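In case you want the letters, here they are:
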Number of protein chains: 2
Amino acid sequence: MSINEKGNRKHSCECVGAVATLPDEELMFELADFFKLFGDSTRIRILTALDRTELCVCEISELLSMTKSAVSHQLKLLRQSNLVKCERRGKHIYYALADSHVRDIIEKALEHIAEEN
Amino acid sequence: MSINEKGNRKHSCECVGAVATLPDEELMFELADFFKLFGDSTRIRILTALDRTELCVCEISELLSMTKSAVSHQLKLLRQSNLVKCERRGKHIYYALADSHVRDIIEKALEHIAEEN
DNA sequence: AGAACAGTTGAACGGTTGTTCAACTGTTCA
DNA sequence: TGAACAGTTGAACAACCGTTCAACTGTTCT
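From a predicted model like this one, the values you see are computed outputs, not experimental measurements.

## Focus: the protein's contact with DNA strand D
Okay, so step 1: In the vicinity of DNA strand D there are 31 residues, among which Thr 42 and Ser 69 of chain A together with Ser 72, His 73 and Tyr 95 of chain B approach most closely.
Okay, so step 2: Backbone sugar and phosphate groups make up 74% of those atoms of DNA strand D lying within 4 Å of the protein.
Okay, so step 3: His 73 of chain B is positioned such that a nitrogen or oxygen atom in its side chain is 2.7 Å from a base oxygen of DNA strand D.
Okay, so step 4: Here a phosphate oxygen of DNA strand D and a backbone polar atom of Ile 93 of chain B are 2.9 Å apart.
Okay, so step 5: Listing elements by their share of the surface near DNA strand D, those giving two or more residues are helix 2 (41–52) and helix 4 (68–80) of chain A together with helix 3 (57–64), helix 4 (68–80) and strand 3 (92–97) of chain B.
Okay, so step 6: Here the surface near DNA strand D gets six residues from one element, more than from any other, and that element is helix 4 of chain B.
Okay, so step 7: Broken down by class, the residue content of the surface near DNA strand D amounts to eight nonpolar, 11 polar and 12 charged.

## Structural notes on the protein's contact with DNA strand C
Okay, so step 1: In the vicinity of DNA strand C lie 31 residues, with Cys 58, Ser 72, His 73 and Tyr 95 of chain A together with Ser 69 of chain B positioned nearest.
Okay, so step 2: Taken together, the sugar and phosphate atoms account for 74% of what DNA strand C places within 4 Å of the protein.
Okay, so step 3: Here His 73 of chain A contributes a side-chain N or O atom positioned 2.7 Å from a base oxygen of DNA strand C.
Okay, so step 4: Elements with a minimum of two residues in the surface near DNA strand C: helix 3 (57–64), helix 4 and strand 3 (92–97) of chain A together with helix 2 (41–52) and helix 4 of chain B.
Okay, so step 5: The element that contributes the greatest number of residues to the surface near DNA strand C is helix 4 of chain A, accounting for six residues.
Okay, so step 6: In the surface near DNA strand C, the residues fall into eight nonpolar, 11 polar and 12 charged.

## Overview of the pairing of strand 3 of chain A
Residues and elements named next belong to chain A.
Okay, so step 1: Across two bridges, the pairing between strand 1 (residues 55–56) and strand 3 is antiparallel. Following the sheet pairing, Cys 56 is matched in strand 3 by Tyr 94.
Okay, so step 2: In the sheet, strand 2 (residues 84–89) pairs with strand 3 via six bridges, with the strands oriented antiparallel. If you follow Lys 85 over to strand 3, its bridge partner there is Ala 96.
Okay, so step 3: Counted along the chain from strand 2 to the antiparallel partner strand 3, the turn is two residues long, and its residue Gly 90 has a positive phi close to 70 degrees.

## Some thoughts on the relation of the copies chain A and chain B
Okay, so step 1: Each copy superposes on the other: chain A lies on chain B with an RMSD of 0.0 Å after a rotation of 180 degrees and an axial shift of 0.0 Å. What the superposition gives is, in effect, a two-fold axis relating one chain to the other.
Okay, so step 2: Looking at chain A, 100% of its interface residues are interface residues in chain B too, so the copies touch through the same face.

## Here we look at the confidence of the model for chain A
Okay, so step 1: This prediction gives chain A a mean pLDDT of 85; 79% of its residues lie at or above 70.
Okay, so step 2: A low-confidence stretch, residues 1–11 of chain A (pLDDT under 50), is modelled with nine contacts involving residues beyond four sequence positions or located in other chains.

## What about the packing of aromatic side chains?
What characterises a pair of aromatic rings is the spacing of the ring centres plus the angle enclosed by the ring planes.
Okay, so step 1: Applying the stated criterion across every chain yields a total of seven aromatic pairs over all chains.
Okay, so step 2: Here Phe 35 of chain A and Phe 35 of chain B contribute two aromatic rings whose centre-to-centre distance is 6.3 Å and whose plane-to-plane angle is 15 degrees, an arrangement assigned as stacked. Within this pair, whereas Phe 35 of chain A is found in helix 1 (residues 25–38), its partner Phe 35 of chain B is found in helix 1 (residues 25–38), the two belonging to separate chains.
Okay, so step 3: For Phe 35 of chain B, a relative accessible area of 0% corresponds to the buried category.
Okay, so step 4: Their ring planes at 45 degrees and their centres at 5.0 Å tell us that Phe 35 of chain A and Phe 38 of chain B sit as a pair that is tilted. Here Phe 38 of chain B lies in helix 1 and Phe 35 of chain A lies in helix 1, a pairing that spans two chains.

Reading guide: rules and limits
- Sequence positions are assigned chain by chain, starting from 1 and proceeding in written order.
- Chain letters start at A and ligand numbers start at 1, both assigned in the order the entries are written.
- With pLDDT at 70 or above as the cut-off, local features in this predicted model cover only qualifying residues; side-chain atom pairs require 80 or more to be listed or tallied, and sums for whole chains, interfaces and linings still use all residues.
- Working from all heavy atoms in the structure, the side-chain values ignore hydrogens and water.
- Note on definitions. A residue lies near a molecule or strand when any single heavy atom of the residue is within 4 Å of it.
- As used in this structure description, the phrase polar contact means that two N or O atoms lie within 3.5 Å; if the pair is within protein, one of them must be able to donate a hydrogen and the other to accept it, and residues adjacent in sequence are counted only when both atoms belong to side chains.
- Comment: elements are numbered from the N terminus, with helices defined as DSSP H or I runs of at least four residues and strands as E runs of at least two.
- Residues are sorted three ways: Asp, Glu, Lys and Arg are charged, Ala, Val, Leu, Ile, Met, Phe, Trp, Tyr, Cys and Pro are nonpolar, and all the rest, Gly among them, are polar.
- When DSSP finds two or more bridges between a pair of strands, those strands are recorded as paired.
- Least-squares fitting of one copy onto the other uses the C-alpha atoms of those residues that reach a pLDDT of at least 70 in both copies.
- Every residue pair with non-hydrogen atoms within 4.5 Å of one another is taken to be in contact.
- Per-residue confidence from the predictor is reported as pLDDT, which spans 0 to 100.
- Think of it this way: a Phe, Tyr or Trp ring, Trp meaning its six-membered ring, pairs with another when their centres are within 6.5 Å, and the plane angle makes it stacked under 30 degrees, edge-to-face over 60, tilted otherwise.
- Burial here depends on accessible area, computed with a 1.4 Å probe over protein chains only, as a share of the maximum for the residue type. Under 20% is buried, over 50% is exposed, and the range in between is partly exposed.

Here it is, written out as structure tokens:
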């Protein structure tokens, strides 16, 4: 039995359970990065607000009682991940959800949370 | 027009857009906390591995090439959030997905990622 | 042109969080 | 009983990340 550099035996587990394999590692990192975007209360509040109607940055910042800067930083992340799209109209830049998956995913999560109680 | 303590005008935004309201704040924090669990590559790898079959801790740690301690810490979080359940059988403690929402949510996320390309 | 508002950006600070390490509990087997 | 393996736990450290701040760009209006 091989010994690694830390002195722990490798394959110390004697169980002969299913030789499970892991899905594509690269995809797992993409998945985690995707979910990270939903894992912040500022971003999730932005997304649920946009789920109802398109909004400009200053409307969002008033709605969340946050500075435009903080909101803008988060919007940038959401934009880069194609979760929201934006369009300038005059002085304002209006943000909207980019596709319907956001809606679906939040829906499923709410179902799970609802069942907890 | 009121001025706040930072010297920034409140309601400086002149736009008379939809007076959007935000969903229950408390729920937003729960949602973010829920998604945080999926937003880590170790945890998402554990969840997708368990999606295929139940596994004991040492099998998971070999599968991910991580220490049992690191895996155990993450399993604790998943357990506390009712995403996985566990059962001791002899020396081993077997972990499995707690419900089918996990499957659904990951499915939706994969659809979104797939459409990016 | 210049004032005022809308929005973005990069650096910096502070809090959060994942892994490591060491010590611990629980189970099996000789 | 005690050795060996399976798994958990808390503290500590390092890396990550969200907000703040100040300076910047872009648009409108006089």
